[in-house]
Amino acid sequence: MAVSTAEIEGVRPYARRRLRGARLLGLALFSPAVLYIVALVGLPFALAFLYSVGNVTVGSVGYRFVGLENFRSVLQSPAFRRALLNSFVFTICTQVIVIVCANVLALALRERFRGRGLVRFLILLPWVAPISLGAIGWKWILDSLYSVINWTLARMHLVNLFDPPMWLGEPALAMASVILVHAWRMIPFSTVILLAGLTSIPREIPEAAAVDGAGFWRTHFEITLPMMRPIINVAVLFGVIFTFTDMTVVYILTRGGPYDSTQVLPSLAFFTGVLGSDLAEGAAISVFLVPILVVVAALMLRIAYRAEVT
Amino acid sequence: MAGPRKSLLTRAGRPLVVAGFAVLLAFPFYWMAITTFKQTSDLYNLQNNPFVFNAKPTLEHLELLLHQTLFLRWFWNTTIAGAAVVAITLLLSVPAAYALARLTGRWGQRLGIGIFLTYLIPPTLLFIPMARVVTRLGLQDTLWAIIVTYPTFTVPFSIWLLMGFFKAIPRDLEEAALVDGLTRLGAFVRLVIPISVSGILTVVIFSFTLVTQEFVYALTFISSAEHQTVGVGVPIYLVRGDVYYWGSLMAACLITSLPIAVVYNLFLDRFIAGFTVGAVK
């Protein structure tokens, strides 16, 4: 509570009335937004769980409770298990690449230099441009016949241009491609977040360490990095959410193929629930996203709470 | 600058690192640009160096895109939907953020964080039930499906961003207005909103870019090409059968991405302030 009871009892009736008025006004101002969120986030969220334990298809009108039937059938499907594994592999690999690159890049971008604005613009492009369009750009770069990467590698005599690697056509390469495109998309975002953290560290601290004889790397690993911990956590948490729940990159690059080898939970949920019209199983698949969301939300809350306290 | 001694590695390393990343990250956009203006024969000749023009640049792909595809229609759809979503977002989030920042005390902050957390619930979790809701409302395959559902991700983040802005306004300013005889609502409308224009503008840009970046809902709710947005129309409907018209495709990607990137870049620091959840002071 913002106002203690002592405060309320102590003030004049006029002020008390004003306070109550303010409360009512507050309620009136935020209830439309809250109602909207309850109706269009809360309700579908609840429905997702309801569908996952029910019998619903696009054609059907009725609803029959089937318990964990959908989960059982989902868990038995090899495609699902592959997707579950892939989701974790993609997210972890992407985040490792992103955090390492973003740290290096943020450090390199910290000082002002000529052309920094232009460089920042170029670096941000992957994050800012619609991901579906960025991904189709990559699809062209990784094209089976006209891939510019293959052309370059062929010029360096690393591959044979008449039997080139099929970046999106072979399971291992397709997975690597999806991971790299995800990383390409997330590096700018993490970099600017880390940059915000770096610039908030008072200059004097690393400088003092340098005067005391600590070299660049030692200063970085023993002073700067620990001070950046909270902000690195924020970048990783958002990165995990954005990668784990994304289906755009996979959908556009590979459609989950070849042979479901790059399928992830969201894309499998789409193919099953939307294109395959099996709403219940689709919902059951996407419900598997929830545990990760809960963990991330809890960690995010802790960060927000600490920031509020200190 | 920092320490008296700086290792050679860092001095020489910085420009290299920066240039390397800039090239890697921006390369697909260079690729879009050069593909857009290359002649078809040049594009599909494996003997040619693909990094440069081997024949005169051409506008044929652009002309094809603008005159023989639905691109302009998609562009228009996205603009209309974007404007409507921005309007709804402002109507819902500006009052809510003000209430949570000012009028409801400490649990306002808590509720604000709660609303922010709903931003983390992804479309890929909600799309299946949401498709049903959209059908029930009779909105499937119309632009309205987008206009009604997109605020689910623009509103929470906007409330969060705006709360930060409103909190930064000195309370004294509003108190003075109240003493001068304005009501709370009056102070909000005539004082707080005008001085928060930059915050509101940030929300406008942020919401609009989110609309252009969304893919899953548009793909799920809209089944006919002419009602699509750019983000889905280009990668899905510009491909005929198995034939990719790479020249026009890349032209569409480039034309759409660049303006969004330029505007987003202007407001970047403010969005980031929202994303750092208070972990940066």
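Definitions and cut-offs
- Residues numbered from 1 in each chain as written.
- Chains lettered and ligands numbered in written order.
- Predicted model: local features only at pLDDT ≥ 70, side-chain atom pairs only at ≥ 80, totals over all residues.
- Helix = DSSP H or I, 4+ residues; strand = E, 2+ residues; numbered from the N terminus.
- Rg over C-alpha atoms; globule rule 2.2 N^0.38 Å.
- Buried ≥ 20, exposed ≤ 12 C-beta atoms within 10 Å, placed from the backbone.
- Contact = placed C-beta atoms within 7 Å.
- Axes fitted to C-alpha atoms, helices over the stretch in contact; angles between N-to-C directions.
- Parallel < 35°, antiparallel > 145°, perpendicular 65-115°, else oblique.
- Nonpolar A, V, L, I, M, F, W, Y, C, P; charged D, E, K, R; others polar.
- pLDDT = per-residue confidence, 0-100.

Chemist: Just checking my understanding: could you explain the overall build of chain B for this structure?
Modeler: Helices and strands together make up the secondary structure of chain B, namely 14 helices and two strands. Since a compact globule built from 281 residues should have a radius of gyration of about 19 Å, the 24 Å found for chain B marks it as more spread out than a globular shape. Dimensions of chain B, computed from the C-alpha atoms along their principal axes, are close to 75 × 70 × 35 Å. By the burial criterion, 47% of the 281 residues in chain B qualify as buried. Taking the contacts inside chain B whose residues are at least 6 apart along the sequence as the reference set, 75% of them involve residues at least 24 apart.

Chemist: Just checking my understanding: could you explain the packing of helix α3 (residues 69–76) of chain A against helix α13 (residues 279–287) of chain A for this structure?
Modeler: How two helices pack is summed up by the angle between their axes together with the distance between the axes. Residues and elements named next belong to chain A. Two numbers describe how α3 lies on α13: the axes approach to 9 Å, and their chain directions differ by 75°. Between α3 and α13, the angle is such that the two are roughly perpendicular. Contact residues: Asn-70, Phe-71, Ser-73 and Val-74 in α3; Ala-280, Glu-281, Ala-284 and Ile-285 in α13. In terms of residue class, the contact of α3 with α13 is built from five nonpolar, two polar and one charged.

Chemist: Please explain the interface of chain B and chain A as it appears in this structure.
Modeler: Many authors give the size of an interface as the accessible area that is lost as the parts come together. Each side of the interface is counted separately: chain B has 85 residues, and chain A has 89 residues. A breakdown of the residues in the side of chain B that touches chain A according to their chemical character gives 59 nonpolar, 21 polar and five charged.

Chemist: I keep staring at the confidence of the model for chain B and nothing clicks. Help me out?
Modeler: Residues shown with low pLDDT carry predicted positions that ought not to be read at fine detail. Across chain B, the average pLDDT comes to 87, with 94% of residues at or above 70. Scored by ipTM, the complex comes to 0.89, with pTM at 0.89.

Chemist: What am I meant to see in the environment of Ile37(A) here?
Modeler: Along the chain, Ile37(A) falls in helix α2 (residues 13–52). What Ile37(A) contacts, discounting residues up to four positions off in sequence, is Gly42(A), Ile115(B), Thr118(B), Val155(B) and Pro156(B).

Chemist: Just checking my understanding: could you explain the environment of Asp246(A) for this structure?
Modeler: Relative to the assigned elements, Asp246(A) resides in the loop between α10 (216–244) and α11 (248–253). Between the C-alpha atom of Asp246(A) and that of Pro266(A), which follows or precedes it by 20 residues, the distance is 6.6 Å.

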